[in-house]
Amino acid sequence: MASGTALIYDDEMTSYKLLWDDPECDIEVPERLLSSYEQLKHYHLVERCIHVPVREGTEEEIMLVHSSEYLEVVKSTQTMNEEELQRVSENYDAVYFHPNTYRCAKLAVGATLQLVDSVMSGKVRNGMALVRPPGHHSQRNAANGFCVFNNVAIAAQYAKRRYGLQRILIVDWDVHHGQGIQYVFEEDPSVLYYSWHRYEHQQFWPLLRESDYDAVGQGKGKGFNLNVPWNKVGMGNSDYLAAFFHVLLPVAFEFVPELILVSSGYDSGIGDPEGQMNATPECFAHLTHFLMQLANGRLCAVLEGGYHLKSLSESVCMTVKTLLRDPLPQISGEMAPCLSAIESIQNVRGAHKPYWKCLMYEVPPVKTAAAIVSKADAHLLPVSVQVEMEMNAQELNTFVSAFDAELVKEEKALLSLQNVLAVLDKILKKKVCSGIAESSVASVSTTFALKHCFDFGLQRVLCIVIGDMDLELDLDDGKILLMNICQKQQTEKTNSKYYISLNWKEDAERNNFFCAVLGFILPVAYSYQPDLVIIVIGPNRSLGVNGISLLTCLLQGLAESQILVVIQDTEIKLVQSVAKALSGVSTPDFGAYAPASQENVLEIKRLRDQLQQEWKMLRCSVRD
Ligand code: Q9C
Ligand code: ZN
């Protein structure tokens, strides 16, 4: 087994910088390299490493990932004046060019390939390349997020070609999603890409839907793209370790990589203005140590981001020190991942369960999802309830126009649909078990939701509507069983097997709904055996919060507990209580028991007589 650690650095890569005012880019400075290298010298790490010189990456090598058109654009920036440079930079997101950028970008590629060659030839066991510009955001035809050429992606393609490698693991611990790397290898099962990143439900740059945990890869590459989106800032040592223990490492040991490339950004470390995370430099020693146990120790770390100079340079030192096989430092902090981290980890594990044996044993689904109108109320829900952001407008438009082009024009209805469909979709795809969606036009939303269910292939949906609501539904084929629980007698519609109207007068003080749920609703529902239950709570509801909770709790016996609750009034107490009922965190309060009134008892009796031939679970007397 080879020994020694390569260090690749050349101060020529500090020879470009931002020439104008741009608050978006002003953190990417030459001092990032200078201070990292200084700190390495300070700890006498440089002299312990094997110095490998940089070289330029060739055009052919750059074109392993990038188009020749894009290469020409970057090349042309060499001779530009400031104004021209600024104009080219504006064509890209969070990018600046300098006359030396092209030269440095070629050196960054070359440095990375020198490292790969040193490791693959056995000259060293492992190593680190300190480079600028970084690479992981850049794409076939675009610079992006300070990145010009995708150093690590090029290195992976190069290693496949030159050394015939069949399995390469890329670990991207930079705090940003390396979407550029994801795009290159999305369909490629020979490169496993792992990235964790600040995501905040798509509110953090680069604001991409495809950074979420459900981007698992495409085609033959399914299962070879692992995204761990962090939905909160402040993730620390224990969260990072948990993601390694429960996601990356089990999959990596199953994958058996022949080479590991680390997109080694340190903006995921404490103090970084971009990341806002809490991992201390020691954490990177531990991450490095774990990865060194794979691929025969063949590990190439390549610098990406990292903008807090002190945190960056200390973390670089920790990485190099560990590569040199020094004893590991103690890791600080309470070893307990936060809830949001656990949720992300659970989601990735769930998404990858079909592709990896190590994840096949039961990953319990997230129990309940909620899409609520006022996100400010999110903290009032049980912590185990996952709060959803809306489907994006584009997605929704495509979805709705497939059914009804006219409706796309009605903004209110559209918005109303958004919550409902987002949650329903998660239930149907078994990403969550149950869900709550607030919707201002519950009837339209429910109609669409039902259509979507049958599109998806469901056979029977039990739809319980509480309150006054007109649903335009075709109820003849038995695919929907509609129960309407309302205050006033429905005169225009007569009861049939699949349409049942239940008049109910509530006891304002106490819960008299037990008798209706047990004596009528559950027997009918169990006779019907639905694949999904939808409870719609409309205006003028004749049931209180206690009654609705009771109904919700008991209906979970059906349809493998898959329940969608659509709520028209944005009433947080109701949402809270339904969330409690669905998530099962504690037994909800059903209120004090009250016997049903004479009137209510007669209503149940009437319905039972009418329907017990159809729904046999209603029978409780031999004489009827
Ligand atoms: N307002 C790397 O760490 N920030 N790139 C954009 C938008 C761009 C980060 C902020 C961050 C790029 C390699
Ligand atoms: Zn970054």
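Everything discussed here concerns the structure shown above.
Residues numbered from 1 in each chain as written. Chains lettered and ligands numbered in written order. Predicted model: local features only at pLDDT ≥ 70, side-chain atom pairs only at ≥ 80, totals over all residues. Heavy atoms only, no water.

**Student:** Would you mind showing me how to read the overall build of the protein chain here?
**Tutor:** Across its full length, the protein chain holds 19 helices and 16 strands. Dimensions of the protein chain along its principal axes, counting C-alpha atoms only, are 95 × 50 × 40 Å. When each of the 624 residues of the protein chain is scored for burial, the buried share is 59%. Counted over contacts in the protein chain with a minimum sequence separation of 6, partners at least 24 positions apart contribute 75%. Of the charged side chains in the protein chain, 54 are positive and 76 negative; the average position of the first set lies 7 Å away from that of the second. (Helix = DSSP H or I, 4+ residues; strand = E, 2+ residues; numbered from the N terminus. Buried < 20%, exposed > 50% of the residue type's maximum accessible area, 1.4 Å probe, protein only. Contact = heavy atoms within 4.5 Å. Lys, Arg positive; Asp, Glu negative; His and termini not counted. Charge placed at Lys NZ, Arg CZ, Asp CG, Glu CD.)

**Student:** Just checking my understanding: could you explain the pairing of strand S12 (residues 461-466) for this structure?
**Tutor:** For a regular strand, side chains alternate in direction, first toward one face of the sheet and then toward the other. Of all six residues making up S12, six are buried, and the element is well covered by its neighbours. Alternating residues of S12 divide into Val461, Cys463 and Val465 and Leu462, Ile464 and Ile466, and every residue in both groups is buried. Sheet analysis places S12 next to strand S13 (residues 480-486), joined by six bridges and oriented parallel. Residue pairing across strands places Ile466 opposite Ile485, the latter belonging to S13. Across six bridges, S12 lies against strand S15 (residues 532-537) in parallel orientation. In the sheet register, Ile466 faces S15, and the bridge partner there is Ile537. (Pairing = 2+ DSSP bridges.)

**Student:** What is the right way to read the coordination of the zinc ion (ligand 2) from this model?
**Tutor:** Note on metal geometry: ideal angles are 109.5 degrees for four donors arranged tetrahedrally and 90 or 180 degrees for six donors arranged octahedrally. Binding of the zinc ion (ligand 2) to the protein goes through Asp174 (OD), Asp174 (OD), His176 (ND1) and Asp267 (OD), at separations of 2.0 to 2.6 Å. In the primary structure, the donors to the zinc ion (ligand 2) are separated according to the pattern D-x1-H-x90-D. With a gap of 91 residues between them, His176 in the loop between strand S4 (168-172) and helix H7 (179-185) and Asp267 in the loop between strand S7 (259-264) and helix H9 (281-291) connect regions that are remote in the sequence. Asp267 matches His176 in its accessibility class, with the two residues each being buried. (Donors = N, O, S within 2.8 Å, 3.2 Å for Na, K, Ca; no water.)

**Student:** How should I be thinking about the side chain of His98 in this particular structure?
**Tutor:** Along the chain, His98 falls in the loop between helix H4 (82-90) and helix H5 (101-120). A distance of 2.9 Å separates a polar atom in the side chain of His98 from the backbone nitrogen of Asn100. Not counting the four nearest positions on each side in its chain, His98 is found in contact with Ser15, Tyr16, Lys17, Leu19, Thr77 and Leu85. (Polar contact = N/O pair within 3.5 Å; in protein donor to acceptor, adjacent residues only side chain to side chain.)

**Student:** What's the story with the nonpolar core in this structure? I'm lost.
**Tutor:** Generally speaking, nonpolar side chains in soluble globular proteins are found buried as a group. Residues Phe149 and Leu291 are the most contacted members of the largest nonpolar core, which totals 125 residues. Per-element tally for this core: the top contributor is H5, with twelve residues. Ala369, Val387, Ala437 and Ile521 belong to the second largest nonpolar core, which has 83 residues in total. (Core = buried A, V, L, I, M, F, W, Y, C linked by side-chain atoms within 4.5 Å.)

**Student:** I'm lost on helix H19 (residues 598-611) in this one. Help?
**Tutor:** Think of an α-helix as 3.6 residues a turn; residues three or four steps apart then line up on the same face. For H19, which comprises 14 residues, the first-to-last C-alpha distance of 20 Å matches the rise-based estimate of 20 Å (1.5 Å per residue) to within 8%. Among the residues of H19, those classed as buried are Asn600, Glu603, Ile604, Leu607 and Leu611. Buried residues in H19, looked at end-on, bunch into an arc of 95 degrees, giving them a common side. (Expected span 1.5 Å × (residues − 1). Arc of directions from axis to C-beta.)

**Student:** Would you mind going over the packing of aromatic side chains with me for this structure?
**Tutor:** Aromatic ring pairs are reported here in terms of the distance separating the ring centres and the angle at which the planes meet. Scanning the entire structure with this criterion turns up 25 aromatic pairs. Between the aromatic rings of Trp196 and Phe244, the centroid separation amounts to 5.5 Å while the plane-to-plane angle is 50 degrees, which identifies the pairing as tilted. Of this pair, Trp196 sits in strand S5 (residues 191-198) while Phe244 is found in helix H8 (residues 237-255), placing the two residues 48 residues apart along the sequence. Summarising the burial analysis for this pair, Trp196 and Phe244 share the class buried. For the ring pair Tyr528 and Trp615, a centre distance of 5.7 Å and an interplane angle of 90 degrees mean the geometry is edge-to-face. Of this pair, Tyr528 sits in helix H16 (residues 514-528) while Trp615 sits in the segment after H19, and the two are 87 residues apart along the sequence. Judged by its relative accessible area of 4%, Tyr528 is buried. In textbook terms, an aromatic cluster arises when at least three aromatic residues are bridged by ring pairs, as seen for Tyr70, Tyr92, Phe97, Tyr102 and Phe149. Over the aromatic face of Tyr16 sits the side chain of Arg132, whose NZ or CZ is 3.9 Å from the ring centroid. Between the NZ or CZ atom of Lys497 and the centre of the ring of Trp615, over which it lies, the distance is 4.9 Å. (Phe/Tyr/Trp six-rings, centres within 6.5 Å; stacked < 30°, edge-to-face > 60°. Lys NZ or Arg CZ within 6 Å of the ring centre and 35° of its normal.)

**Student:** Can you help me understand the site of ligand 1 in this one?
**Tutor:** Close to ligand 1 lie 15 residues, the nearest being Glu24, Gly145, His176, Asp267 and Tyr307. With respect to ligand 1, the backbone of Gly145 contributes an N or O atom lying 3.0 Å from a nitrogen atom. Tyr307 has a polar side-chain atom sitting 2.6 Å from an oxygen atom of ligand 1. Among the residues forming the shell around ligand 1, the class breakdown is six nonpolar, five polar and four charged. (Near = heavy atom within 4 Å. Nonpolar A, V, L, I, M, F, W, Y, C, P; charged D, E, K, R; others polar.)

**Student:** Looking at this structure, I do not really get the sheet that holds strand S3 (residues 126-129). What am I missing?
**Tutor:** In a beta sheet, neighbouring strands pair by backbone hydrogen bonds and run either parallel or antiparallel. A sheet is described by the order of its strands in space; here eight strands give the open sequence S2-S1-S3-S8-S7-S4-S5-S6, paired in parallel fashion. Because the sheet does not close on itself, it has two edges, and the strands there are strand S2 (50-51) and strand S6 (225-230). By the bridge criterion, two bridges tie strand S1 (residues 5-8) to S2 in an arrangement that is parallel. The residue of S2 that forms the bridge with Ala6 is Ile50.

**Student:** Looking at this structure, how should I read the packing of H9 against helix H10 (residues 309-323)?
**Tutor:** The geometry of a pair of packed helices is captured by two quantities: the angle between their axes and the separation between those axes. Between H9 and H10, the least distance of the axes is 8 Å, while the angle of their chain directions is 30 degrees. Taken together, the axes of H9 and H10 lie roughly parallel to each other. Crossing geometry of H9 relative to H10 is assigned as right-handed. Here H9 contributes Pro281, Glu282, Phe284, Ala285, Thr288 and His289 to the contact with H10, which in turn contributes Glu314, Ser315, Met318, Thr319, Thr322 and Leu323. Along the lines of polarity and charge, the residues of the contact of H9 with H10 split into five nonpolar, five polar and two charged. (Axes fitted to C-alpha atoms, helices over the stretch in contact; angles between N-to-C directions. Parallel < 35°, antiparallel > 145°, perpendicular 65-115°, else oblique. Left-handed = near helix turned anticlockwise from the far one by under 90°.)

**Student:** Before we go on, may I ask you to explain the packing of H5 against helix H6 (residues 151-163) in this structure?
**Tutor:** Where H5 contacts H6, the two axes come as close as 9 Å, and the packing angle between them is 40 degrees. One element, H5, and the other, H6, form an angle in the oblique class. Seen along the crossing, H5 lies across H6 with a hand that is right-handed. In this structure, H5 contributes Ala105, Ala108, Val109, Thr112, Leu113, Val116, Asp117 and Met120 to the contact, and H6 contributes Asn151, Ile154, Ala155, Tyr158, Ala159, Arg162 and Tyr163.

**Student:** It is not clear to me how the pattern of salt bridges should be interpreted in this structure. Could you clarify?
**Tutor:** Opposite charge on two side chains permits them to pair, given that their charged atoms come into close proximity. Counting across every chain of the model gives 25 salt bridges. The closest approach of N and O atoms between Glu28 and Arg32, which form a salt bridge, is 2.6 Å. Judged by its relative accessible area of 2%, Glu28 is buried. Residue classification places Arg32 among the buried residues on the basis of a relative accessible area of 0%. As a salt-bridge pair, Asp117 and Arg162 come within 3.3 Å of each other at their nearest N and O atoms. (Salt bridge = Lys/Arg side-chain N within 4 Å of Asp/Glu carboxyl O.)

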